[in-house]
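# Descriptive structure summary
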Amino acid sequence: MSSQGTAKRGRSSNYEYVIARVRSRRASLFDDDDYRKLVRMGTGEIARFMEETEYETEMNALGSRYSGVDLVEYALNRNLAKHFEDLLKWSEGALYDYIARYLRKFDVWNVKTIIRGLYAGSDATEVEDDLIRAGEFGEQRLDQLLNAGSIEEVVERLDDTIFGDVLADAYEVYEAENVLVPLENAVDRAFYETLLDGLPSNPEIDSPTGLYVEFLQAEVDFRNLRNALRLARSGADMDPAEYYISGGKLFDEQSLAQLTANVDGLVAAVRESTYGDDLDAALNALEDAENLIEFERALDAALLEYADKLSNRYPLSVCPVLSYILAKEREVDNIRAIARGREAGLEPDEIEQELVIL
């Protein structure tokens, strides 16, 4: 991405072309009826169904090595990477930079996947097939990480990246406690807190930069909300400040820490915020649910709906592209959840509770 990306950043943004391509791709995504069909299929039927969709190329390419749920999962990852690489190929100027910056989320995915693989003693080939090659890391970097002999070596090889400092600090906690949570949380925080680096804090709202910042701030707010509720519901003795991500509009570190101890107050604060209307269904789900699963699904749907609203309001901007990225991720997550659920013998109704269906 580096040399090509440098050239692309120097050009004018080509919103019309990219948005037209994105709208075409979005129209081919699975709809809710497709999901309802899939939840009633066995894993073999799911694989055959996918072979007759746009996943055909990936299913055929991997079919000689994998079967069942493994085949479905690896095909999903490869297809996702292909679509997001296309976004970068199409985009130029500031639009390219906006997309490339956001797609670093897959560097996060890949770092976590490699660390988890080492922790579990997984085969390097299986870990490699689980990577999503859509972030900023090139083949050489990913190969170096895959060939690392230990988690400590992974941390050392990321020293010159946005994850370097926070991972080094988190590694000390990992060594002391032998749990991955500090490392994974550090990677998440590094990604979200650098999303807004170099962007103006109060840009003109209707400008391309302003819309991009508004979307990113919302995603940070939703991530903080998710983390706060997890902590509140877990009852664990953890410092909320360690999970706070700066850059959003809804919380500061102190207010989030206070509200983490009071779920009702947290819900009330969100209802009164600028996201109140957008999160109404999610907040109702939280109040009615006995666990966080339903709420987190509703929260994912709410973020997608929020992105869609921005897209409809500002159709010639980065918003339709970001909305498509979320929608494509939702499709992949839903298909993965269905395949895993069917393999585990869950009933269709149980699986549907795991899906993000608008």
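As a reminder, the structure under discussion sits directly above these lines.
Reference entry: report on the structure contained in this document. Since the model is a prediction, treat every value here as computed from it, not as a measurement.

## Looking at the packing of helix α2 (residues 15-27) against helix α6 (residues 68-90)
One way to put it is that α2 packs onto α6 with a least axis distance of 10 Å and a crossing angle of 160°. Considering their axes alone, α2 and α6 lie roughly antiparallel with respect to each other. With respect to the hand of their crossing, α2 and α6 are arranged in right-handed fashion. Here Tyr17, Val18, Arg21, Val22 and Arg25 of α2 come into contact with α6, specifically with His83, Asp86, Leu87 and Trp90. Residues that form the contact of α2 with α6 fall into these classes: five nonpolar, one polar and three charged.

## As for the packing of helix α12 (residues 164-177) against helix α13 (residues 181-195)
Packing of α12 against α13 leaves a shortest axis separation of 8 Å and a crossing angle of 165°. One element, α12, and the other, α13, form an angle in the roughly antiparallel class. At the point where α12 passes α13, the crossing takes the right-handed sense. Two secondary-structure elements touch here, α12 through Val166, Leu167, Ala170, Tyr171, Val173 and Tyr174 and α13 through Pro182, Leu183, Ala186, Val187 and Ala190. Looking at the contact of α12 with α13 residue by residue, the class counts come to 11 nonpolar, no polar and no charged.

Rules used in this analysis
- In every chain, residue numbers begin from 1 and rise along the written sequence.
- Since the coordinates come from a predicted model, pLDDT governs what is reported: local features require at least 70, and pairs of side-chain atoms require 80 or more to be given and counted, while whole-chain, interface and lining totals use all residues.
- Only hydrogens and water are removed before side-chain values are computed, so all heavy atoms of the structure are retained for them.
- Note on definitions: angles span 0 to 180 degrees between N-to-C directions of axes, and those axes are lines fitted to C-alpha atoms, for helices only across the stretch in contact.
- Each helix is a run of DSSP H or I of at least 4 residues and each strand a run of E of at least 2, with the numbering of both proceeding from the N terminus.
- Should an angle fall under 35 degrees it is called roughly parallel, over 145 degrees roughly antiparallel, and 65 to 115 degrees roughly perpendicular, with every other angle called oblique.
- Crossing chirality is assigned from the near helix's rotation relative to the far helix, an anticlockwise turn below a right angle marking it left-handed and a clockwise turn marking it right-handed.
- Whether two residues are in contact is decided by their heavy atoms: any pair within 4.5 Å suffices.
- Residues are grouped as follows: Ala, Val, Leu, Ile, Met, Phe, Trp, Tyr, Cys and Pro are nonpolar; Asp, Glu, Lys and Arg are charged; every other residue, Gly included, is polar.

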